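Residue-level structural notes
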Amino acid sequence: MITPVLLCGGSGTRLWPLSRKSYPKQFVPLVGETTLFQASAERLSGPGFAAPLVLTNSDFRFIVTEQLAAAGIDPGAILIEPEGRNTAPAVLAAALWLERSDPEGLMLVAPSDHVVPDAAAFRAAVATGAEAAEAGQLVTFGIKPTHAETGYGYLELAEDPGAFEARPLALKRFVEKPDATRAAEMVAAGTYLWNAGIFLFSVKAILAAFRAHAPDLVAPVQAAVEQGWPDLGFLRLDPAAWSGAGDISIDYAVMEKADNLSVVPFAAGWSDLGGWDAVWREGGPDAKGVVTSGAATAIDCTDTLLRSESERLEVVGIGLENVIAVAMNDAVLVASMDRAQDVKKAVEALKAKGAAQATHFPKDHRPWGWFESLVIGGRFQVKRIHVHPGAALSLQSHHHRSEHWIVVEGTAKVTVDDQVKLVSENQSVYIPLGAVHRMENPGKVPMVLIEVQTGSYLGEDDIIRYEDVYARS
């Protein structure tokens, strides 16, 4: 059996404003109806695959379980990284965890934000690399280049790939992201592949590689795993031990130093959606090179991506050429297509000016559902709150605000101090300042309410929790 190891802690700033630190691209349906994370989990499931092991951070843990449940996939384990330390510590933690149950087993490490249209072809490619991995090889997967891309690292093959059939080949070296001229030369040479950052090896082999090539990582990561503790079905890696691990990729830490490497070419379609230009390509441009999504209309446009992420915002482009336009409720991006890789500069600029849009998504996801702010004033805020069936918010109170709840869908079970009552659609309830309160959804359909807050301070940190089924402090 092969255990998929899904890495899903990244922030995806090059796909701002849709992808942000609080809700990055892997959890968003960028291409199709399912999210990239769900598609990755589905692609690596079925015969020959064990339940996935997921590495993520604390903020995303409930998003991970919710999206896996929606896809009908039960995870084997979810490890919570106290902070991002790049891919090497994450892969090592996964290997140390799997060593407990199956030290001879295979693990397939994959980012959770890639697009692979032909899942069956990818699974077949994995199968061709399994024999080499079982023999102790560290197998990486390289993508047949379709154009001279400067946003990817490359793999130089030590032998002719022929027709790029999926089979293990000898790897000569890793190549850093090139400039445009060098990228064109490598694509023309025909012996280079894009580095997909996907790896297959046995637990035993990768642990031996870490001990040989990155021994300084082993002690802190092993301590983080051994001293970790269970939390509602998750395993929280120990923060103090984890902080001692270096911030380094698995390429630098191990793969570029190892001599037992193989690479399997893959030519059946792949994208890491590393920029809006990639989303445009995967979106299937029409005869004029136009891709529209949501409430978007293109008139006399060419080579353009128009995307609206809000039902209330119509995006209309007239006479545009080589343009990206992405609109959300709280931010709009307009950029030249050939500057797609520079979108992360916009995030940096917004951070510098203190704009919340740099990192915070309009919808704030919680283990019980989500909320979004509709209107914010000096001493008031209006929110829409969506509570999943059977879910409950914490029993809490506020120092600085009172609240008025109006149920617009479903039925809410509301606690206010020592009173508990059901509030149905088109009914409301008032929560005085300082009152101990909770809302629950006792039904089998989502419950939606409008919350009107008034007070001197409306921040999310004005919460005193007395009881919480999700064990948040």
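The rules behind the values
- Residues numbered from 1 in each chain as written.
- Predicted model: local features only at pLDDT ≥ 70, side-chain atom pairs only at ≥ 80, totals over all residues.
- Heavy atoms only, no water.
- Helix = DSSP H or I, 4+ residues; strand = E, 2+ residues; numbered from the N terminus.
- Buried < 20%, exposed > 50% of the residue type's maximum accessible area, 1.4 Å probe, protein only.
- Polar contact = N/O pair within 3.5 Å; in protein donor to acceptor, adjacent residues only side chain to side chain.
- Contact = heavy atoms within 4.5 Å.
- Core = buried A, V, L, I, M, F, W, Y, C linked by side-chain atoms within 4.5 Å.
- Patch = residues over 30% accessible without salt bridge, like charges linked within 9 Å, V, L, I, M, F, W, Y side chains within 5 Å.
- Areas by Shrake-Rupley, 256 points an atom, 1.4 Å probe, with all protein chains shown as cover.
- Salt bridge = Lys/Arg side-chain N within 4 Å of Asp/Glu carboxyl O.
- Axes fitted to C-alpha atoms, helices over the stretch in contact; angles between N-to-C directions.
- Parallel < 35°, antiparallel > 145°, perpendicular 65-115°, else oblique.
- Nonpolar A, V, L, I, M, F, W, Y, C, P; charged D, E, K, R; others polar.
- Pairing = 2+ DSSP bridges.
- UniProt positions renumbered as here; feature names shortened; annotations may be inferred.
- Left-handed = near helix turned anticlockwise from the far one by under 90°.

1. As for the side chain of His 388
With respect to the helices and strands, the residue His 388 is situated in the loop between β20 (380–387) and β21 (395–397). Owing to a relative accessible area of 19%, His 388 belongs among the buried residues under this scheme. Looking at His 388, its side chain comes within polar contact range of the side chain of Glu 66, at 3.2 Å. When sequence neighbours within four positions are dropped, the list of residues in contact with His 388 reads Glu 66, Pro 367, Trp 368, Gly 369 and Asn 441.

2. Re the nonpolar core
Core analysis: the biggest nonpolar cluster contains 92 residues, and Leu 30, Leu 108, Phe 141, Leu 200 and Trp 276 have the highest contact counts within it. Considering each element in turn, this core owes the most residues, six residues, to helix α4 (residues 119–134). For Leu 30, the contacting residues outside a window of four places in its chain are Leu 15, Leu 18, Lys 25, Leu 36, Leu 273, Trp 276, Val 279 and Arg 307. Listed in part, the 52 residues of the second largest apolar core include Ala 93, Leu 157, Leu 169 and Met 255.

3. Examining a nonpolar patch on the surface
Among the surface-exposed residues, Ile 299, Val 316 and Ile 318 lie close enough to one another that they form a single nonpolar patch of about 280 Å² accessible area. For Ile 299, the position within the fold is in strand β13 (residues 296–299).

4. Brief notes about the packing of helix α6 (residues 203–213) against helix α7 (residues 215–226)
Direction vectors running N to C along α6 and α7 enclose 120°, while the axes themselves pass 5 Å from each other. In this view, α6 runs oblique relative to α7, as classed from their interaxial angle. Here Phe 210, Arg 211, Ala 212 and His 213 of α6 lie close against α7, whose contacting residues are Pro 215, Leu 217 and Val 218. Taken together, the residues of the contact of α6 with α7 sort by class into five nonpolar, one polar and one charged.

5. A look at the pairing of strand β6 (residues 154–157)
Burial along β6 is two-sided: Tyr 154 and Glu 156 and Leu 155 and Leu 157, pointing in opposite directions, are all buried. One ladder, built from four bridges, connects β6 with strand β7 (residues 169–175); its direction is antiparallel. Within β7, the residue paired with Leu 157 across the bridge is Leu 171. Direction of pairing for β6 relative to strand β8 (residues 192–202): antiparallel, over a ladder of three bridges. Bridge pairing links Leu 155 to Leu 193 in β8.

6. Focus: the UniProt feature "domain: Mannose-6-phosphate isomerase type II C-terminal" (unreviewed entry) in the protein chain
In the numbering used here, UniProt assigns the "domain: Mannose-6-phosphate isomerase type II C-terminal" (unreviewed entry) feature to residues 359–468. Span residues 359–468 is 0% helix and 57% strand, its end C-alpha atoms 26 Å apart.

7. Some points on the sheet that holds strand β17 (residues 332–336)
With mixed pairing, the four strands of this open sheet are ordered in space as β12-β14-β16-β17. Sheet topology places β12 (290–293) and β17 at the edges, where each strand pairs with a single neighbour. On average, adjacent strands in this sheet sit at an angle of 5° to one another, irrespective of strand direction. When strand β16 (residues 323–327) meets β17, the two strands line up antiparallel, connected through five bridges. Following the sheet pairing, Ala 327 is matched in β17 by Val 332.

8. Structural notes on the pairing of β16
With five of five residues buried, β16 lies mostly within the body of the structure. Because side chains alternate across β16, one face comprises the buried residues Val 323, Ala 325 and Ala 327, and the other comprises Ile 324 and Val 326, equally buried. The sheet contact formed by strand β14 (residues 304–308) and β16 spans four bridges and is parallel. If you follow Leu 305 over to β16, its bridge partner there is Ile 324.

9. Brief notes about unusual backbone geometry
In this chain, Trp 16 is followed by Pro 17 through a cis amide linkage whose omega measures 10°. Relative to the assigned elements, Pro 17 resides in the loop between β1 (2–7) and α1 (36–43). In the Ramachandran plot, Asn 86 falls in the positive-phi region, its phi being about 75° despite a non-glycine side chain. Relative to the elements of secondary structure, Asn 86 occurs in the loop between β3 (77–81) and α3 (87–99).

10. Some details on the environment of Ala 214
Examined against the element boundaries, Ala 214 turns out to sit in the loop between α6 and α7. Residue classification places Ala 214 among the buried positions, given a relative accessible area of 3%. Sequence spacing of Ala 214 and Gly 246 is 32 residues, and the spatial spacing of their C-alpha atoms is 9.8 Å. When residues no more than four places from it in sequence are discounted, the contact partners of Ala 214 are Ala 209, Ala 253 and Val 254.

11. Some thoughts on the pattern of salt bridges
Enumeration over the complete set of coordinates arrives at 20 salt bridges. The closest approach of N and O atoms between Lys 172 and Glu 156, which form a salt bridge, is 3.7 Å. Here Lys 172 is found in strand β7, whereas its partner Glu 156 is found in strand β6, with 16 residues between them in sequence. Given a relative accessible area of 56%, Lys 172 falls into the exposed group.

12. Digging into the packing of α3 against α6
One can describe the packing of α3 onto α6 by two numbers: an axis separation of 10 Å at closest approach and a directional angle of 130°. Comparing their axes, α6 and α3 come out oblique. Handedness of the α3/α6 crossing: left-handed. In this structure, α3 contributes Ala 88, Val 91, Leu 92, Ala 95, Leu 96, Leu 98 and Glu 99 to the contact, and α6 contributes Val 203, Ile 206, Leu 207, Phe 210 and Arg 211. The class makeup of the residues in the contact of α3 with α6 is 10 nonpolar, no polar and two charged.

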